[in-house]
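Each chain, written out:
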Amino acid sequence: MDAVGLEARAAGLGTRSIKTSAKAYAIDLAISMIDLTTLEGADTPGKVRALGAKAVHPDPTDRTTPRTAAVCVYPDMVATAKQAVAGTDVKVASVATAFPAGRAALAVKLADVRDAVAAGADEIDMVIDRGAFLAGDYLKVYEEIVAVKEVSAQARLKVIFETGELSTYDNIRRASWIGMLAGADFIKTSTGKVGVNATPANTLLMLEAVRDFRAQTGVQVGVKPAGGIRSTKDAIKFLVLVNETAGADWLDNHWFRFGASSLLNDLLMQRQKLATGRYSGPDYVTVD
Amino acid sequence: MKTENVSPASPFAYAPAPESRSVVDIAPSYGLFIDGEFTEAADGKVFKSLSPSTEEVLSEVAQAGEADVDRAVKAARKAFEKWSALPGAERAKYLFRIARIIQERSRELAVLETLDNGKPIKETRDADLPLVAAHFFYYAGWADKLDHAGYGANPRPLGVAGQVIPWNFPLLMLAWKIAPALATGNTVVLKPAETTPLSALFFADICRQAGLPKGVVNILPGYGDAGAALTAHPDVNKVAFTGSTAVGKQIARTVAGTDKKLTLELGGKGANIVFDDAPIDQAVEGIVTGIFFNQGQVCCAGSRLLVQESIQDELLDSLKRRLSTLRLGDPLDKNTDIGAINSAEQLARITALAETGEAEGAERWSAPCELPASGYWFAPTLFTNVTQAHTVARDEIFGPVLSVLTFRTPEEAVAKANNTQYGLSAGIWTEKGSRILAVANRLRAGVVWANTFNKFDPTSPFGGYKESGFGREGGRHGLEAYLDV
């Protein structure tokens, strides 16, 4: 990977001007791709129920607003989240494997995953062992993903690299291939818990990786940038990356997600602006 | 590697996002700019400037002839005395002022340049105009520091500079010519190309806005005859030309036997060398920038791709897939990647050379894109199975056409890259730093880019080897062409 060239390409695609009908399309698509997330020590059943309600009806004033793709919670909140979105197509994703640090024995991590799956999680967001990766023990990283994939059963598996800790683009590319070869359904940038999370450049490189992986193996893998994407403008830039790198096949929430929380309200405000021609304000979207 | 080059039509169709044309006010007619005034040509001749993307007439412009050249050179001569006597710090003030006005009017100038030249607004906005302003700022900084340029104390200017510029970067080439000339105390008569005279005439207005003394800058729109008269004029002390090698040779003959100082920046057939350890996706971006920037109408374009044979298939698959995403169309649309060819004449030349390539047995591939009905357009095109013997590997096409050749070893890459009458630019793509240095040392090209292409900066000298010309523009080296040293 050439860092200068990669960042220049990401920045170049960031200058695309997305207006009117294209913007409306992109906003609705972005809403439908959100994994609406709460991952706090202070999470309570009340908080998770509010999040579920938001995912099902993002904008109570406009029922044409698409639902988000999923809500994303800790394993002990999965059952509550399932109830909150029951009867809809909103999925429940659960982080697992001793999220966010991943510093636990494999048996503990697998138990964490089994717990989430048993509670009904549709998707598992695991973290890789960055310590093993940075120590050069790629086989351990690979085998751990394979083991988690096995116990995830029917749940789709998202593999989080924590790109901020892997640090270099070469590492992120290598991690992408390890993840995809080990059976990841999604590759995901980050936990949202470190300084550097999703960036246009690291997402671009992961999109190139899934594109190349499908060209070689025929297997399509999804991509999920997470953390730090807060504005509609940013989200649209990511969608341009998807459109012009992986291509139209990834423009669907089965293959691309945003791990975000505050992004949704900004998308809703921009959606209202496009529909009405007027800017509203933070009191015209729900705070959950 | 198996790749599907044809992806399904994207539901994410970008709506038109045109830059507003109303930010620029183009007058129905323009005169020559001589001695601080706009004036008609002595013989009253005019010509039309077209927008190459629509063939719409933008304006009618006075056409300079021999008498006008003489008038302009006289004005420049008269202005030279006072201008060259000004302290460098005073000349710098004018140049800084011009640079700032260019920045303030950059949106207007970008739209104008896009209309007159046909290149995408993305390029005029993000490349041409920032570089134009940067060039004036850079040389403004030199004006009072010439004692420290390495030519001894108080180096003297030459006098009147006759400058002839091409149509591919109209305002940027003007900046490359005028900024160092003025900083060193010369006065200028500049002839823009006949297909792109408008931004130079707007620059004349900027000179007036900046309060530049009359006669220091004179602008003579016109054809080759005016350029020939200018370079042949006995009272011109310095000739600077950027353009084709054929015209450059003619100018060299014209000034032979005179004491005129000459710099020529001519054609090129730059080699972009991709080694097997190159970062493929970034190399593809560099190849695209190298040959499709400004529709390939760039003298330092990377028009020959030399790819290591072992990665040829993978690289070409990636390149074709990438070219399929290029957006060709309305140059004023902010999402356009590929604009119009500058003129019918240039389009005919590109078309003829591409036909020669096919006739000689090279394999032609063009990006699938719809060409607009009016205007001058050429789809991004690749030729594979090209050898050194093919015309498309030897002649400068000056259009969006890339010739792909292969090599087996670094020695062969260097030999093929250097096997050209030109020597302006080259590119090297490899993750290995030691290879970059070893190969760059052996390339006979004025600029060698490593893991990038078409990067410009006013601090960096630019110029050619062999039939790509002589003399350097930009940087400290660019001062020498305008000083009596």
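Because the structure is predicted, anything quoted here is derived from the model rather than measured.

Cut-offs and rules
- Sequence positions are assigned chain by chain, starting from 1 and proceeding in written order.
- Think of it this way: whatever chain is written first is A, whatever ligand is written first is 1, and the rest follow in order.
- A pLDDT threshold of at least 70 governs which residues receive local features in this predicted model, and a stricter bar of 80 or more applies before side-chain atom pairs are shown or counted, although totals over entire chains, interfaces and linings include all residues.
- Secondary structure follows DSSP: runs of H or I at least 4 residues long count as helices, runs of E at least 2 residues long count as strands, and numbering of each begins at the N terminus.
- All radius of gyration figures rest on C-alpha atoms, and the globule criterion is 2.2 Å times the number of residues raised to 0.38.
- Contacts are defined on C-beta atoms placed from the backbone: any two residues whose C-beta positions lie within 7 Å are in contact.
- Each residue gets one label: Ala, Val, Leu, Ile, Met, Phe, Trp, Tyr, Cys and Pro are nonpolar, Asp, Glu, Lys and Arg are charged, and the others, such as Gly, are polar.
- In this entry, domain limits derive from an automatic or database-based domain assignment.
- A set of buried residues drawn from Ala, Val, Leu, Ile, Met, Phe, Trp, Tyr and Cys, joined through C-beta atoms within 7 Å, is what defines a nonpolar core.
- Burial is judged by counting other C-beta atoms within 10 Å of a residue's own C-beta: 20 or more means buried, 12 or fewer means exposed, and anything between counts as partly exposed, with every C-beta placed from the backbone.
- In this description, strands pair whenever DSSP reports at least two bridges between them.
- Axes here refer to lines fitted to C-alpha atoms; in helices the fit is confined to the stretch in contact. Angles between the N-to-C directions go from 0 to 180 degrees.
- Crossing handedness follows the turn of the near helix against the far one: under a right angle anticlockwise gives a left-handed crossing, and clockwise gives a right-handed one.
- UniProt positions are given in the numbering used here, feature names are shortened, and annotations may be inferred rather than shown by experiment.
- Confidence of the predictor at the level of single residues is given by pLDDT, which spans 0 to 100.
- Oblique is the label for any angle not covered by the other classes, which are roughly parallel (under 35 degrees), roughly antiparallel (over 145) and roughly perpendicular (65 to 115).
- In a helix, the anticipated span is given by 1.5 Å times the number of residues less one.
- By definition, a residue's bend is the angle between the axes fitted to the seven residues ending there and the seven starting there.

### Observations regarding the overall build of chain A
A count of helical and extended segments in chain A gives 12 helices and eight strands. Here the C-alpha radius of gyration of chain A, 18 Å, is about what a compact globule of 288 residues would show, namely 19 Å. For the C-alpha atoms alone, the extent of chain A along its principal axes is close to 55 × 45 × 35 Å. The contacts in chain A between residues at least 6 apart in sequence include a share of 74% that link residues at least 24 apart.

### As for the interface of chain A and chain B
Across the contact, 26 residues belong to chain A and 24 residues belong to chain B. The residue inventory of the side of chain A that touches chain B, partitioned by class, reads 11 nonpolar, eight polar and seven charged.

### Regarding the domain arrangement of chain B
One widely used convention gives an interface's size as the accessible area the parts lose upon coming together. Residue and element names in this part refer to chain B. When the domains of chain B are assigned, the result is domain 1 (22-266 + 465-480) and domain 2 (271-450). The straight-line distance from the C-alpha centre of domain 1 to that of domain 2 is 30 Å. Counting from both sides, the interface comprises 22 residues of domain 1 and, opposite them, 26 residues of domain 2. Of the residues that constitute the side of domain 1 that touches domain 2, the class distribution is seven nonpolar, eight polar and seven charged.

### Notes on the nonpolar core
Leu95(B), Phe136(B), Val188(B), Ile273(B), Val274(B) and Leu306(B) are the most contacted members of the largest nonpolar core, which totals 151 residues. In terms of residues, this core owes the most to one element, helix H5 (residues 170-183) of chain B, which gives 11 residues. Shared between two domains, this core holds at least three residues of each, these being domain 1 (22-266 + 465-480) and domain 2 (271-450) of chain B. Once residues lying within four places of it in the same chain are set aside, the contact partners of Val188(B) are Ala76(B), Ala161(B), Gln163(B), Ile178(B), Ala181(B), Leu182(B), Val216(B), Val217(B) and Asn218(B). Core analysis: the next-biggest nonpolar cluster, separate from the first, contains 89 residues, Ile124(A), Val141(A), Ile187(A) and Ala235(A) among them.

### Focus on the pairing of strand E1 (residues 34-37) of chain A
Residues and elements named next belong to chain A. Of the two faces of E1, the one holding Ile34 and Leu36 and the one holding Asp35 and Thr37 are both buried throughout. Of the pairings in the sheet, the one linking E1 to strand E8 (residues 258-260) comprises three bridges and is parallel in character. Bridging from a neighbouring strand, Ile34 pairs with Phe258 of E8. Pairing between E1 and strand E2 (residues 70-73): three bridges, direction parallel. Each bridged residue has a counterpart across the sheet, and for Leu36 the counterpart in E2 is Val71.

### Examining the sheet that holds strand E5 (residues 156-160) of chain A
Each strand in a sheet pairs with another by means of backbone hydrogen bonds, the pair being arranged parallel or else antiparallel. Residues and elements named next belong to chain A. Taken in spatial order, the eight strands of this open sheet run E7-E6-E5-E4-E3-E2-E1-E8, and their pairing is parallel. The sheet is open, and its two borders are formed by strand E7 (222-224) and E8, each paired with just one other strand. On average, each strand axis in the sheet is inclined to that of its neighbour by 25°, with strand direction left out of account. Relative to E5, strand E4 (residues 123-127) runs parallel, the two being bridged by five bridges. Within E5, the residue paired with Val127 across the bridge is Ile160. Along the sheet, helix H10 (residues 200-217) contacts strand E6 (186-188) and E7; its crossing angle with E7, the most-contacted strand, is approximately 170°.

### With respect to the packing of helix H1 (residues 3-13) of chain A against helix H9 (residues 280-292) of chain B
Running from amino to carboxyl end, H1(A) crosses H9(B) at an angle of 65°, the nearest separation of the two axes being 9 Å. Crossing hand, H1(A) versus H9(B): left-handed. Only Gln282(B), Glu285(B) and Gly286(B) of H9(B) make contact with H1(A), whose side of the interface consists of Gly5(A), Leu6(A) and Arg9(A). Residue composition of the contact of H1(A) with H9(B), by class: one nonpolar, three polar and two charged.

### Overview of unusual backbone geometry
The linkage connecting Phe99(A) with the following residue, Pro100(A), adopts the cis geometry, with an omega of -5°. Mapped onto the secondary structure, Pro100(A) falls in the loop between strand E3 (91-96) and helix H5 (106-118). Residues other than glycine seldom take positive phi values, yet Ala98(A) does so here, at roughly 55°. Position of Ala98(A) among the secondary structure elements: in the loop between E3 and H5. With phi around 55°, Asn451(B) is a residue other than glycine that occupies positive phi space. Along the chain, the position of Asn451(B) falls in the loop between strand E17 (447-450) and strand E18 (469-470).

### Comments concerning the UniProt feature "domain: Aldehyde dehydrogenase" (unreviewed entry) in chain B
Under the UniProt annotation, the feature "domain: Aldehyde dehydrogenase" (unreviewed entry) is placed at residues 39-484 of chain B. With 41% helix and 16% strand, residues 39-484 of chain B has end C-alpha atoms that lie 32 Å from one another.

### Structural notes on the pairing of strand E15 (residues 401-407) of chain B
Residue and element names in this part refer to chain B. Counting buried positions over the seven residues of E15 gives seven, a clear majority of the element. Going residue by residue along E15, you find Val401, Ser403, Leu405 and Phe407 tucked away on one face and Leu402, Val404 and Thr406 tucked away on the opposite face as well. In terms of strand pairing, strand E14 (residues 381-384) meets E15 through three bridges, oriented parallel. Residue pairing in the sheet places Thr381 in a bridge with Val401 of E15.

### Side note on the confidence of the model for chain B
Residue and element names in this part refer to chain B. In the predicted model, chain B carries a mean pLDDT of 96, and 98% of its residues have values of at least 70. This model gives residues 1-6 a pLDDT under 50, and the stretch forms 13 contacts once residues within four places in sequence are excluded. The complex prediction reports pTM at 0.95, with the ipTM value standing at 0.93.

### What about the packing of helix H4 (residues 121-142) of chain B against H5(B)?
Residue and element names in this part refer to chain B. As a packed pair, H4 and H5 sit with axes 9 Å apart at the nearest point and diverge in direction by 5°. By the angle between their axes, H4 is roughly parallel relative to H5. Side by side, H4 and H5 meet where Asp128, Leu131, Val132, His135, Phe136, Tyr139, Ala140 and Trp142 of the first sit next to Leu171, Leu172, Ala175, Trp176, Ala179, Pro180 and Ala183 of the second.

### Side note on helix H11 (residues 232-246) of chain A
Residues and elements named next belong to chain A. Given a rise of 1.5 Å per residue, 15 residues ought to cover 21 Å, and the 21 Å separating the end C-alpha atoms of H11 matches this to within 8%. Burial runs high along H11: 14 of the 15 residues are buried. Gly247, located one to two residues past H11, shows a positive phi value of around 105°.

### With respect to the sheet that holds strand E5 (residues 56-62) of chain B
Residues and elements named next belong to chain B. Pairing is mixed in the open sheet, where three strands are placed in the order E1-E5-E4. At either margin of the open sheet sits one strand with a lone partner, and together these are strand E1 (29-30) and strand E4 (46-51). Note that E4 and E5 share six bridges and pair antiparallel. By the bridge assignment, Ser51 is partnered in E5 with Glu56.

### As for the environment of Gln216(A)
Residues and elements named next belong to chain A. As for its placement among the helices and strands, Gln216 is situated in helix H10. By C-beta crowding, Gln216 is classed as exposed, having 12 other C-beta atoms within 10 Å. Each C-alpha atom of the pair Gln216 and Arg130 lies 26 Å from the other, and the pair is 86 residues apart in sequence.

### Let's talk about helix H1 (residues 66-85) of chain B
Residue and element names in this part refer to chain B. The end-to-end C-alpha distance of H1 is 29 Å, a good match for the 28 Å that 20 residues give at a rise of 1.5 Å each. Maximal helix bending in H1 amounts to about 35°, located at Ala79. Taken together, the buried positions of H1 are occupied by Asp68, Val69, Arg71, Ala72, Val73, Ala75, Ala76, Ala79, Phe80 and Trp83.

### Looking at the environment of Leu479(B)
Residue and element names in this part refer to chain B. Tracing the backbone through its elements, the reader meets Leu479 in helix H15 (residues 477-480). Leu479 sits in the buried class, given 24 other C-beta atoms within 10 Å. Once the C-alpha coordinates of Leu479 and Leu146 are considered, the two residues, 333 residues apart in sequence, prove to be 8.5 Å apart. Beyond its immediate sequence surroundings of up to four residues, Leu479 is in contact with Trp142, Leu146, Ala149, Pro180 and Thr184.

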